[in-house]
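Given next are the chains, with one letter for each unit.
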2 protein chains.
Amino acid sequence: MTDMNPTNQQILHYARHFLQCRGYNGFSYKDISQKLGIKNASIHHYYPKKEDLVAALLEEGRKNFATSIAQIVESGGSAREQLQYYFNRALQEFDEGKCICPPGSVIIGFEELPEEVKNQNLLLLDHILDWITNVLRTGLEKGEFNFSDPVEAHAEEVVETLMGARLLSSIKGRKTLVRAISSIKSGLGWKD
Amino acid sequence: MTDMNPTNQQILHYARHFLQCRGYNGFSYKDISQKLGIKNASIHHYYPKKEDLVAALLEEGRKNFATSIAQIVESGGSAREQLQYYFNRALQEFDEGKCICPPGSVIIGFEELPEEVKNQNLLLLDHILDWITNVLRTGLEKGEFNFSDPVEAHAEEVVETLMGARLLSSIKGRKTLVRAISSIKSGLGWKD
DNA sequence: CAGAACCTACTTATATGCAGGTAGACATGT
DNA sequence: ACATGTCTACCTGCATATAAGTAGGTTCTG
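It should be emphasised that the depicted structure is a prediction, and the values quoted were computed from it without experimental measurement. (Residues numbered from 1 in each chain as written. Chains lettered and ligands numbered in written order. Predicted model: local features only at pLDDT ≥ 70, side-chain atom pairs only at ≥ 80, totals over all residues. Heavy atoms only, no water.)

**Notes on the environment of Asp149 of chain B**
Residue and element names in this part refer to chain B. What counts, and what does not: The helix and strand labels rest on DSSP assignments: H or I over at least four residues marks a helix, E over at least two residues marks a strand, and numbering proceeds from the N terminus. Contact definition: two residues touch when any of their heavy atoms are within 4.5 Å. Any N or O atom pair separated by 3.5 Å or less is treated as a polar contact, with the protein-specific requirement of one donor-capable and one acceptor-capable atom, and with residues adjacent in sequence counted only for side-chain atom pairs.
By the element assignment, Asp149 lies in the loop between α7 (115-141) and α8 (151-172). With residues near it in sequence (within four places) discarded, Asp149 still touches His154 and Glu157. Looking at Asp149, its side chain comes within polar contact range of the side chain of His154, at 2.8 Å.

**Some thoughts on the protein's contact with DNA strand C**
Here is the rule we go by: A single heavy atom is enough: if one lies within 4 Å of a molecule or strand, its residue is considered near that molecule or strand.
Around DNA strand C sit 16 residues, and of these Asn5, Lys39, Ser42 and Tyr46 of chain A together with Lys50 of chain B come closest. Counting only the atoms of DNA strand C within 4 Å of the protein, the fraction contributed by sugar and phosphate is 69%. Within the side chain of Asn5 of chain A, one N or O atom sits 2.9 Å away from a phosphate oxygen of DNA strand C. Within the contact set of DNA strand C, a phosphate oxygen lies 2.3 Å away from a side-chain nitrogen or oxygen of Ser42 of chain A.

**What about the packing of aromatic side chains?**
Threshold: Working definition: a ring pair exists when centres of Phe, Tyr or Trp rings (six-membered ring for Trp) sit within 6.5 Å. Plane angles under 30 degrees give stacked, over 60 give edge-to-face, the rest tilted. For the exposure calls, accessible area comes from a 1.4 Å probe over protein chains only, and a residue counts as buried if that area is under 20% of its type's maximum, exposed if over 50%, partly exposed in between. In this scheme, Lys NZ or Arg CZ marks a charge over a ring once it lies within 6 Å of the ring centre and within 35 degrees of the ring normal.
Summed over all chains, the structure comprises 14 aromatic pairs over all chains. Both rings, one in Tyr86 of chain A and one in Phe87 of chain A, keep their centres 6.3 Å apart while their planes meet at 45°; by these two values the pair is tilted. Accessibility assignment for this pair places Tyr86 of chain A and Phe87 of chain A in one class, buried. The interplanar angle of 80° and the centroid separation of 6.3 Å between the aromatic rings of Phe65 of chain B and Tyr86 of chain B together place this pair among those described as edge-to-face. Residue Phe65 of chain B is found in helix α4 (residues 50-74), and its partner Tyr86 of chain B is found in helix α5 (residues 79-95); the two are separated by 21 residues along the sequence. Phe65 of chain B sits in the buried class, given a relative accessible area of 2%. Given the relative accessible area of 11%, Tyr86 of chain B is considered buried. In this structure an aromatic cluster arises from ring pairing among Phe65, Tyr86, Phe87, Trp131, Phe145 and Trp190 of chain A. Here the basic side chain of Lys50 of chain B rests over the ring of Phe27 of chain B, its NZ or CZ set 4.6 Å away from the ring centre. Sitting over the face of the ring of Trp190 of chain B, Lys185 of chain B holds its NZ or CZ atom 4.7 Å from the ring centroid.

**Looking at the packing of helix α8 (residues 151-172) of chain A against helix α9 (residues 174-187) of chain B**
Which entries qualify depends on this criterion: Fitted lines through C-alpha atoms serve as axes, helices being fitted only where they are in contact, and the angles separating the N-to-C directions of these axes extend from 0 to 180 degrees. Throughout, the term roughly parallel applies to angles under 35 degrees, roughly antiparallel to angles over 145, roughly perpendicular to angles from 65 to 115, and oblique to all others. All amino acids are sorted into three groups, where Ala, Val, Leu, Ile, Met, Phe, Trp, Tyr, Cys and Pro are nonpolar, Asp, Glu, Lys and Arg are charged, and the leftover types, Gly among them, are polar.
α9 of chain B packs onto α8 of chain A with a crossing angle of 85° between their chain directions and a minimal axis gap of 10 Å. When the axes of α8 of chain A and α9 of chain B are compared, the pair comes out roughly perpendicular. Counted together, Ala153, Glu156, Glu157 and Glu160 of chain A of α8 of chain A and Thr176, Arg179, Ala180 and Ser183 of chain B of α9 of chain B form the full contact between these two elements. For the contact of α8 of chain A with α9 of chain B, a count of residues per class yields two nonpolar, two polar and four charged.

**Details of helix α7 (residues 115-141) of chain A**
Formally: Expected span of a helix, by definition, is 1.5 Å for each gap between consecutive residues, and there is one gap fewer than residues.
Helix length check: α7 of chain A (27 residues) gives 39 Å between terminal C-alpha atoms against 39 Å at 1.5 Å per residue, within 8%. Looking one or two residues beyond α7 of chain A, the residue adopting positive phi is Gly143 of chain A, at roughly 80°.

**Focus: the protein's contact with DNA strand D**
Close to DNA strand D lie 15 residues; Lys50 of chain A together with Asn5, Lys39, Ser42 and Tyr46 of chain B are nearest. If you look at DNA strand D and keep only atoms within 4 Å of the protein, 69% of those are sugar or phosphate atoms. One of the side-chain N or O atoms of His44 of chain A is found 3.4 Å from a base nitrogen in DNA strand D. Contact distances for DNA strand D include 3.0 Å between a phosphate oxygen and a side-chain N or O atom of Thr7 of chain B. Mapped onto the surface near DNA strand D, the elements with two or more residues apiece are α2 (29-36) of chain A together with α3 (40-46) of chain B.

**Here we look at the pattern of salt bridges**
Our working definition: Think of a salt bridge as a Lys or Arg side-chain nitrogen and an Asp or Glu carboxyl oxygen that are within 4 Å of each other.
If you walk through the whole model with that rule in mind, you get 24 salt bridges over all chains. As a salt-bridge pair, Arg166 of chain A and Glu93 of chain A come within 2.7 Å of each other at their nearest N and O atoms. One end of the pair, Arg166 of chain A, is in helix α8; the other, Glu93 of chain A, is in helix α5 (residues 79-95), and 73 residues separate them in sequence. Neither residue differs from the other here; Arg166 of chain A and Glu93 of chain A are each classed as buried. The partner of Arg179 of chain A in a salt bridge is Glu156 of chain B, with the nearest N and O atoms 2.7 Å apart. Linking Arg179 of chain A in helix α9 (residues 174-187) with Glu156 of chain B in helix α8, this pair reaches from one chain into another. Owing to a relative accessible area of 18%, Arg179 of chain A belongs among the buried residues under this scheme. Each member of the salt-bridge network shares a partner with another, and the members are Glu156, Glu157 and Glu160 of chain A together with Arg179 of chain B.

In structure tokens form, the structure reads like this:
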């Protein structure tokens, strides 16, 4: 985990890409090794089993997310700025060809997935939901947002709308995602 | 297609189930044949290739959907009643353990899927979008709904919110889906 | 030289699909 | 009536590809 040489980073990079494009069952070590010009066994060297790879991926995503947010908060980012970061990430990943967010891609076929993958995905998902809940609460108190339903429910709404929008936009194009983000904002009473 | 003996129906039944729970790459003929107590080869008898099975599934879904809607319209169903049928279907499928709608489950890994599957999924998706667009337009004209953004955009919103909600609710539970449906309704200016 | 990085070569399991066979239903013609 | 042929549904058995993972060797590097 703390061992982050270039190859390991590249493995995680492409694994993330394939996971978000194709889901857990839609890619293999071969897809990754071919991209890197190495052999399957080399990936097994870093991640003995596929579930180790994907679990590590999700865990890293969670920590990475936490770090990014911490930076924004530290530099005095408002609730809107924090949320905008999340939206920008979605747009950026769309532009990179990733059709769905990591937690979303690991919901398909959830029951049949290895235990550790499921656990890490639940952690990631709850992390995001908790964070959005907090941002919404803060933003509401500070008058940056304006909505009437419970904060927790609205946080779920934000996440699920974005998930669905990413799925649909991978077929319908970028403007579908952009429009969904606008719609989320207006649901928050956020006009810019 | 028109050949609908019991075995064929069962094959489609379980194929639909697995597709909606696990996605295209998440199930095999074996999963289905085991459920039916028959052999893989028997499924190949009806559907020589997996892509034939899934394409047939999507096509059947589209026709089935068209028929159901036609019945409602024929019996004088209002725009709200038509849309409610769609919501009920989502809830019903949730209760059957299906985590995502058929078109959604065939978006994951879309690029790598067989051509005919992609085509049928686009047809199904556009069918649904066109239908919802029409229902929203009619409902708007008749004062059953009230919203200000373009009808086409709002139709996409409805679909994507429901897609995302179904994904998330498969982890977070039924109330997440129920709440999403309420939220969609209130976005349509539909208070009941 | 110790360990990390990467390799070859293998095993095992599973998915997909084809070839061809059998058993029973049904149909027909004489 | 019955012998014949044909069709459907399902089967056994096989071929091929790929995935996932193991064992153990090599090479490079501090």
